[in-house]
Amino acid sequence: MADKNVNAGSEYFTQERIQGDLDYYMAQDIGKTMLDSGLISVAEFNKLTAINRETFSPLFAEIMPKIP
């Protein structure tokens, strides 16, 4: 029975989706560092976040808060 649970989850959590999630969070971390350093504004950070969500398709993008 335990094998069925692993298989059901493995269809959703593919290597590609996990890599997209990792890439998204790395890009967001760089953007946050730029924001904290004053290199970009909050509006620019929000635009970057929207682009990152489209580009990398993080696993839980559908439940993430909307960007104003």
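The residue count restarts for each chain, going from 1 along the sequence in the order it is written. Only residues with pLDDT of at least 70 are given local features in this predicted model, and only at 80 or more are side-chain atom pairs given and counted; all residues enter the totals for whole chains, interfaces and linings. Side-chain calculation: all heavy atoms of the structure are included, whereas hydrogens and water are not.

**Comments concerning helix H2 (residues 15-36)**
- Its 22 residues give H2 an end-to-end C-alpha distance of 31 Å, which sits within 8% of 32 Å, the value for a rise of 1.5 Å per residue.
- A 1.4 Å probe rolled over the protein chains alone gives each residue an accessible area, and that area as a share of the maximum for its type sets the label: buried under 20%, exposed over 50%, partly exposed in between. Numbered from the N terminus, helices here are DSSP runs of H or I no shorter than four residues, and strands are runs of E no shorter than two. What H2 keeps buried is the set Gly 20, Asp 21, Tyr 24, Ala 27, Gln 28, Gly 31 and Leu 35. One side of H2 carries all its buried residues, which in axial view fall inside an arc of 135 degrees. Those residues of H2 that are exposed and aimed more than 90 degrees away from the buried face are Gln 15, Ile 30 and Asp 36. To estimate how far a helix should reach, multiply one less than its number of residues by 1.5 Å. Throughout, the arc means that of the directions going from the helix axis to the C-beta atoms.

**A short note on a nonpolar patch on the surface**
- Two joining distances apply to patches: 9 Å for like charges and 5 Å for nonpolar side chains (Val, Leu, Ile, Met, Phe, Trp, Tyr), and every residue must have over 30% relative accessible area and no salt bridge. Every accessible area reported is derived by Shrake-Rupley at a probe size of 1.4 Å, with residue values counting cover from the shown protein chains alone. Salt bridge, as applied in this entry: a Lys or Arg side-chain nitrogen positioned within 4 Å of an Asp or Glu carboxyl oxygen. A contiguous nonpolar patch, built from Ile 30, Met 34 and Leu 39 and spanning about 300 Å² of accessible area, is present on the exposed surface.
- Relative to the elements of secondary structure, Ile 30 occurs in helix H2.
- Ile 30 sits in the exposed class, given a relative accessible area of 54%.

**A short note on helix H3 (residues 42-56)**
- With 15 residues, H3 ought to run about 21 Å at 1.5 Å a step, and its terminal C-alpha atoms sit 21 Å apart, in line with that.
- Residues of H3 that are buried include every one of Phe 45, Thr 49, Asn 52 and Arg 53, and no others. Seen end-on, H3 carries its buried residues on one side only, within an arc spanning 100 degrees. Exposed positions of H3 whose direction lies more than 90 degrees from the buried face are Lys 47, Glu 54 and Thr 55.
- Here, residues are in contact when the closest pair of their heavy atoms is within 4.5 Å. The inward-facing, buried residues of H3 contact H2.
- Backbone geometry just after H3 places Ser 57 at a positive phi near 45 degrees.

**Topic: the packing of H2 against H3**
- Every angle, taken between N-to-C directions, lies between 0 and 180 degrees, and every axis is a line fitted to C-alpha atoms, over only the stretch in contact when it is a helix. At a minimum axis separation of 10 Å, H2 and H3 run at an interaxial angle of 170 degrees. Considering the angle they form, H2 stands roughly antiparallel to H3. Between H2 and H3, the residues in contact are Gly 20, Asp 21, Asp 23, Tyr 24, Ala 27, Gln 28, Gly 31, Lys 32 and Leu 35 and Val 42, Phe 45, Leu 48, Thr 49, Asn 52, Arg 53 and Phe 56, respectively.
- Ten residues, namely Ala, Val, Leu, Ile, Met, Phe, Trp, Tyr, Cys and Pro, are considered nonpolar, four, namely Asp, Glu, Lys and Arg, are considered charged, and the remaining ones, Gly among them, are considered polar. Among the residues forming the contact of H2 with H3, the class breakdown is seven nonpolar, five polar and four charged. Note on terminology: angles under 35 degrees are roughly parallel, angles over 145 are roughly antiparallel, angles of 65 to 115 are roughly perpendicular, and the others are oblique.

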